[in-house]
Amino acid sequence: MSAANTAESADFRGPLDITRAATVVLDAESTVIGWSPAAAELLGYGPADALGRPLTAFLSVRPAGGTLPAEASGAAVPGPGPPSLVGNEVHVARTRDGRELLVATATCPLPGAAGASGPGTPDRILVAAEVEALLHWESRIALLQGLATQSPVGLAIYDTDLRLSWSNIAYEREMGQPLAAFRGKRAEELYGAGSFVTPGYPHTLAGVMRQVLDTGEPVLDLHFRGQPPSDPGRDHLWSCAYYRLEDAHGHALGVCEDAFDITDRYRVQERLALLVEAGRRIGTVLDVATTAEEIAEVAVPDFAATVRVDVTRAAVTGETAAVGSPADMSLLRVAERSAPGSGTPDPGLPANGPTGSGPTRSGAAGNSPMATAPGLAAPGGPSSPGDPRQPYPQVVYPPGSPQNRSLSSGGLVLDEGTLVVPLRTGGGILGLVTFDRGEGSDASGRTLAPDRATTFDNGEVALADELAARAAVCIDNARRYTRERTASLALQRQLLPHHLPPRSAVETAYRYLPADDVTGVGGDWFDVIPLSGTRVGLVVGDVVGHGLQAAATMGRLRTSVRAFAQLDMAPDELLTRLDDLVGQPAEDRPDAYGGAVETYDVTTGATCLYAVYDPVSRRCVMARAGHLPPAIVGPGGEVSFPDLPAGPPLGLGGLPFESLEFDLPVGSLLALFTDGLIEARDRDVGRGLDTLGRVLGDRSASLEELCDRAVSELVPGGTSADDTALLLVRTRALDTDRVADWELTAEPVSVGRARELATGQLEAWGLEELAFATQLVVSELVTNAVRYAGGPLGLRLIRDRTLVCEVADTGHTSPHLRHSAADDEGGRGLFIVAQLVQRWGTRYTPTGKTIWTEQALPPTGAG
């Protein structure tokens, strides 16, 4: 806008004002006797050309060629006419250059002119202006009038002393009194307790207006929070603008304030922001208690002064949502949070219990009014048997309370400042959320939302229902996860060894740590398997994935390994059979039925390490399928990780498995573990192996102490993203006086020789009671070796927790039991042997096979 236009816009003199309009002085005969410069500018006639001529020489009622324009035709005759031209006459003026102008005129008689009405005597004054200019001025006046009387925006003018000098009707309505009652007051006197909340500006009204007066720079959309005199006790929020008022010479006259109440709009934005925040913060983990805490944290203090979340016992334990009467629903107080200084009585807990004096987190020691609920443990706590868990108190609401009414009706209940919303899902109720505003919910001193009442309006009730609905979905998901995790843990505990009995070959200790609540139950496992000849099988494995399927897969693999191990397979052969089992076509697997095959198979890709230790020969043979090699600590404390050939994970196929056999001195420590022990998000495998080796190098510590140290060093939090298995084995050796072996020829005479040797050794051990049965066993096994296999033959007796008798030959066919017919001459010997011993079996070796039996020792000979 140019400077000329700015000056014109600031001039509020009307076009017919005598100081601006074309002015003509007329006598009684309408002869021009006076002609102003403005008239000369408008029509182009100078005073010399106009004076003495009749008015009709310049103005006519109608234009030369027809009628007046429509907007002026009604004003030339009596009647209301266009509103902007009422009281004025419209004429057509002819300019000196022949143009016609539509002008509005007004006539004013001169005082005293009625008595002297002769020619040349001033009788009246006529003023004229273009109709277009008059209409433009009238619209500006209407605008000012509308701002003063009809605008919803509050307008006020403060002078240079910041005293109110004028306001419009909207401002008067906010004040609740007419302008005369508060004119001259300062802004602080009108809104003393209010302040600006927009950052970057002064907080007081006087500070902002003084800044505008001093700089001349207007400010827009400042948010001011305060309580208007017309509505005391309730905060409102205004969007304000300030600009400096100046006179025609640029001198400051004061400051104009535009203020529009945006409380309702702000409340809607606040609710939307709360929903967005709820979507971001509620349901971050699959845990009932954490989800309950999150909804309380989101709602306090912006939405309510106190929030209490009560969840059914079934939801906490992972059972189905409760359906029935309130008496059938046992509620537990899972979360409670209150704004500072706004605690309210809790009808669900004893009257002498805490009332929530400040922010609390469920289960936090010292901050929560939780009492012990027998038999209930917090989800997400330690999951190992015997570990303590934090309980939640049971709440019972009296009849007639809002919570009891909500449970009975299944709907939300609003009772003054208390709003109770049920957590509903799938036709059942998971619990209740109580939003309580109580008295003085704004007394915390925190910047709260404006217009915060002590009750809930319809919009807030809908918001609370939406918050509860989102929380219910998250709690139901957590309940389902808790149920699956509980089932997985129970299955896993049943499938893992509960107790490792003492073995003559090794001393063992173990630790198993499930994965954290976020990851879920994994498929790590271990086992110690007794084998023939006092040998022992050591196995550790890891199944891909987590959850119930991983736990079930782990159980199938562990069972398969034990079955193959009982067949006395070598480690490489056992892994080959296990790989074939895992890699069979999906439609042939036991878990595929009815044509439905799962798209994600956690069996493929599983890893396994299998080792066999013989305490007689002090040799160990092992093989691995994609698993980490074990750690070996020698008797002197030196730590090594054997270069064990790395076979592929199970189910992939394509490559053979290879075994590694080596001597393992007595007192050596063998550590079998899964990757969850040594690998973490902030630690690579190499660093974990170094830490494990340092811990295991302490020869003075017991195996249990080493297990505890390894777990505390490598899994300091007790849980990790992957479950952890650790099996420590310290090797032993059988004394030479407990083992006797002989080499025999494959001749019939060897049968008698074998009986004599066995009988003599039993007498030396004091086991004469077993002599008769042992003679029969030795006779049958050696006879079969002589008849069906070749020599040399081997006979070995081992006195351990049982009496082991072994006969080795060079044959590769295994005998088997059969029922002989009445007329058969043979076939009954092995059947008799099976009745005399506890167990028997066949073990294949590179040079042939070994038939072995075990007999229970008499009480006096055990040990």
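Remember, predicted model here, so these are calculated numbers, not experimental data. (Residues numbered from 1 in each chain as written. Predicted model: local features only at pLDDT ≥ 70, side-chain atom pairs only at ≥ 80, totals over all residues. Heavy atoms only, no water.)

**Looking at the overall build of the chain**
Heads up, the condition is: Put simply, DSSP marks the helices as runs of H or I at least four residues long and the strands as runs of E at least two long, and each gets a number from the N terminus on. Burial classes: relative accessible area under 20% of the type maximum marks a residue as buried, over 50% as exposed, and values in between as partly exposed (1.4 Å probe, protein chains only). Working rule for contacts: check all heavy atoms of both residues, and any pair within 4.5 Å makes them a contact. The accessible surface values rely on the Shrake-Rupley method and a 1.4 Å probe; as for residues, cover is taken only from the protein chains in view.
Along the chain, the regular secondary structure elements total 22 helices and 34 strands. Here the chain holds 863 residues, and the buried ones make up 48% of them. A fraction of 62% describes how many contacts in the chain between residues 6 or more apart in sequence connect residues 24 or more apart. Roughly 40,000 Å² of accessible area belongs to the chain as shown, and the carbon and sulfur atoms make up 54% of that amount.

**With respect to the packing of aromatic side chains**
Short version of the rule: Working definition: a ring pair exists when centres of Phe, Tyr or Trp rings (six-membered ring for Trp) sit within 6.5 Å. Plane angles under 30 degrees give stacked, over 60 give edge-to-face, the rest tilted.
For the structure shown, the criterion picks out 11 aromatic pairs. Arranged with centres 5.4 Å apart and planes meeting at 90°, the rings of Phe303 and Phe435 form a pair that is edge-to-face. In this pair, Phe303 is assigned in the loop between helix 11 (288-299) and strand 13 (306-312) and Phe435 in strand 18 (residues 428-436), connecting sequence segments 132 residues apart. For the pair shown, Phe303 and Phe435 are each scored as buried.

**Considerations on the environment of Thr160**
One can find Thr160 in the loop between strand 7 (154-159) and strand 8 (164-167). Taking the relative accessible area as the measure of exposure, Thr160 reaches 37% and is therefore partly exposed. Thr160 has contacts with Arg210, Leu213, Ala252, Leu253 and Gly254, leaving out every residue within four places of it along the chain.

**A closer look at the pattern of salt bridges**
For clarity, the cut-off: Salt bridges are counted wherever a side-chain nitrogen of Lys or Arg sits within 4 Å of a carboxyl oxygen of Asp or Glu.
Per the stated rule, a full pass over the model turns up 35 salt bridges. With a shortest N-O distance of 2.7 Å, Asp527 and Arg562 are connected by a salt bridge. With Asp527 in strand 20 (residues 525-530) and Arg562 in helix 15 (residues 548-566), this pair connects stretches of sequence that are 35 residues apart. On the accessibility criterion, Arg562 (28% relative accessible area) is partly exposed. As a salt-bridge pair, Arg843 and Glu806 come within 3.3 Å of each other at their nearest N and O atoms. Of the two residues, Arg843 sits in strand 33 (residues 839-845) while Glu806 sits in strand 32 (residues 802-809), which places them 37 residues apart along the sequence. With relative accessibility at 10%, the residue Arg843 sits in the buried group. Given a relative accessible area of 4%, Glu806 falls into the buried group. Salt bridges here are not isolated pairs; linked through shared partners, they connect Arg267, Arg271, Arg437, Asp457 and Glu460.

**Focus: the environment of Gln761**
Relative to the helices and strands, Gln761 resides in helix 20 (residues 749-765). Taking the C-alpha atoms as reference points, Gln761 and Arg738, separated by 23 residues in sequence, lie 9.9 Å from one another. Excluding residues that lie within four positions of it along the chain, Gln761 makes contacts with Ala740, Trp742 and Leu797.

**Quick word on the sheet that holds strand 13**
Selection criterion: What makes two strands pair is DSSP finding at least two bridges between them. Lines fitted to C-alpha atoms define the axes here, with helix axes fitted over just the stretch in contact, and angles between the N-to-C directions of these axes take values from 0 to 180 degrees.
One open sheet holds the 6 strands; their spatial order is 15-14-13-18-17-16, and the pairing between them is antiparallel. Strand pairing shows two members of the sheet lacking a second neighbour, strand 15 (394-395) and strand 16 (413-415), which therefore form its edges. With 3 bridges connecting them, strand 16 and strand 17 (residues 418-425) associate as antiparallel partners. When the sheet's bridge partners are listed, Asp415 is paired in strand 17 with Thr418. Contacts from helix 11 reach strand 13, strand 14 (331-338) and strand 18, with the element oriented near 35° to strand 14.

**A closer look at the sheet that holds strand 32**
Spatial ordering of the open sheet is given by 30-31-32-34-33, a layout of 5 strands whose pairing is antiparallel. Two strands lie at the open edges of the sheet, namely strand 30 (739-744) and strand 33, each paired on one side alone. Neighbour-to-neighbour, the strand axes of the sheet open up by a mean angle of 15°, direction not taken into account. Here strand 31 (residues 793-799) runs beside strand 32; their pairing, made up of 6 bridges, is antiparallel. When the sheet's bridge partners are listed, Leu797 is paired in strand 32 with Cys805. Sheet strands touched by helix 21 (residues 771-788): strand 31, strand 32 and strand 34 (848-856). Its angle to strand 32, the strand with the most contacts, is close to 15°.

**Concerning the pairing of strand 11 (residues 236-246)**
Where strand 10 (residues 219-226) lies against strand 11, 6 bridges are found, and the strand directions are antiparallel. Within strand 11, the residue paired with His223 across the bridge is Ser239. Alignment of strand 11 against strand 12 (residues 252-261), held across 9 bridges, turns out to be antiparallel. Bridge pairing in strand 12 links Arg244 to Val255. Linking strand 11 to strand 12, which pair antiparallel, is a turn of 5 residues; within it Gly250 sits at a positive phi near 85°.

**A look at the environment of Ala21**
Examined against the element boundaries, Ala21 turns out to sit in the loop between helix 1 (3-10) and strand 1 (22-26). The spatial distance from the C-alpha of Ala21 to the C-alpha of Val127 is 5.8 Å, given a sequence separation of 106 residues. Setting aside anything within four residues of it in sequence, one finds Ala21 in contact with Pro15, Leu16, Ser36, Ala38, Val127 and Ala128.

**What to know about the pairing of strand 7**
Residues in a regular strand point their side chains to alternate faces of the sheet. Pairing analysis gives 6 bridges linking strand 7 to strand 12, with the strands arranged antiparallel. Among the inter-strand pairings, Ala156 is bridged to a residue of strand 12, identified as Glu257. Where strand 7 hands over to strand 8, the hairpin turn is made up of 4 residues, of which Leu162 adopts a positive phi near 60°.

**Details of the nonpolar core**
Applied cut-off: Residues enter a nonpolar core if they are buried and are Ala, Val, Leu, Ile, Met, Phe, Trp, Tyr or Cys, with the set joined through side-chain atoms within 4.5 Å.
Counting 48 residues, the largest nonpolar core has Trp525, Phe526, Leu538, Leu574 and Leu650 as its most contacted members. Other than its neighbours up to four places away in sequence, Leu538 contacts Asp527, Val528, Leu609, Tyr610, Ala611, Leu670, Leu672 and Val729. Ranked by size, the runner-up nonpolar core spans 41 residues in total, among them Ala315, Val316, Ala335 and Leu430.

**A closer look at unusual backbone geometry**
Look at the link from Val300 to Pro301: it is a cis peptide, with omega at 0°. With respect to the element layout, Pro301 can be found in the loop between helix 11 and strand 13. Phi at Ser30 takes a positive value of approximately 60°, unusual for a residue other than glycine. With respect to the helices, strands and loops of the structure, Ser30 is situated in the loop between strand 1 and strand 2 (32-35). The exposure class of Ser30 is partly exposed, given its relative accessible area of 24%. Positive phi, normally seen in glycine, also occurs at Thr534, with a value near 65°. Residue classification places Thr534 among the buried residues on the basis of a relative accessible area of 11%.

**Concerning the confidence of the model for the chain**
The line we're drawing: pLDDT expresses how confident the predictor is about each individual residue, on a scale running from 0 to 100.
In the predicted model, the chain carries a mean pLDDT of 80, and 82% of its residues have values of at least 70. Within the model, the stretch residues 352-390 combines pLDDT values under 50 with 79 contacts to residues more than four positions away or in other chains. The low-confidence segment residues 592-600 (pLDDT under 50) makes 8 contacts with residues lying over four places distant or belonging to another chain.

**What to know about helix 10 (residues 263-281)**
The test is simple: Expected span of a helix: the number of residues minus one, times 1.5 Å.
The terminal C-alpha atoms of helix 10, which comprises 19 residues, lie 26 Å apart, in line with the 27 Å expected from a rise of 1.5 Å per residue. In the segment just after helix 10, Gly283 is the residue with positive phi, at about 85°.

**A word on helix 11**
For an α-helix the count is 3.6 residues per turn, leaving residues at separations of three or four pointing the same way. As a reminder of what qualifies: Think of a polar contact as two N or O atoms within 3.5 Å of one another; within protein, one of them needs to be a possible hydrogen donor and the other a possible acceptor, and neighboring residues in sequence only count if both atoms come from side chains.
Helix length check: helix 11, at 12 residues, gives a terminal C-alpha distance of 17 Å against a target of 16 Å (1.5 Å per residue), a fit within 8%. Taking burial as the measure, the 12 residues of helix 11 include 11 buried ones, the bulk of the element. Of the positions making up helix 11, those classed as buried are Val288, Ala289, Thr291, Ala292, Glu293, Glu294, Ile295, Ala296, Glu297, Val298 and Ala299. If you check the start of helix 11, you find a side-chain oxygen 3.3 Å away from the backbone N of Ala289, and it comes from Asp287.

**Here we look at the packing of helix 21 against helix 22 (residues 829-836)**
The criterion, for reference: Two helices that cross are described as forming a left-handed crossing if the nearer one is turned anticlockwise from the farther one by less than a right angle, and a right-handed crossing if clockwise. Only Asp, Glu, Lys and Arg are considered charged in this grouping, and only Ala, Val, Leu, Ile, Met, Phe, Trp, Tyr, Cys and Pro are considered nonpolar; every other residue, Gly among them, is considered polar.
One can describe the packing of helix 21 onto helix 22 by two numbers: an axis separation of 10 Å at closest approach and a directional angle of 145°. Where helix 21 crosses over helix 22, the two elements pack in a sense that is left-handed. Of the residues in helix 22, those touching helix 21 at Ala773, Leu776, Val777 and Glu780 are Gly829, Leu830, Val833 and Leu836. For the contact of helix 21 with helix 22, a count of residues per class yields 6 nonpolar, 1 polar and 1 charged.

**Topic: the side chain of Ser779**
Relative to the helices and strands, Ser779 resides in helix 21. By relative accessible area, which is 13% here, Ser779 ends up buried. Here the side chain of Ser779 touches Gln775 through a polar contact of 2.8 Å, landing on its backbone oxygen. The residues contacting Ser779, other than those within four sequence positions of it, are Val751 and Arg755.

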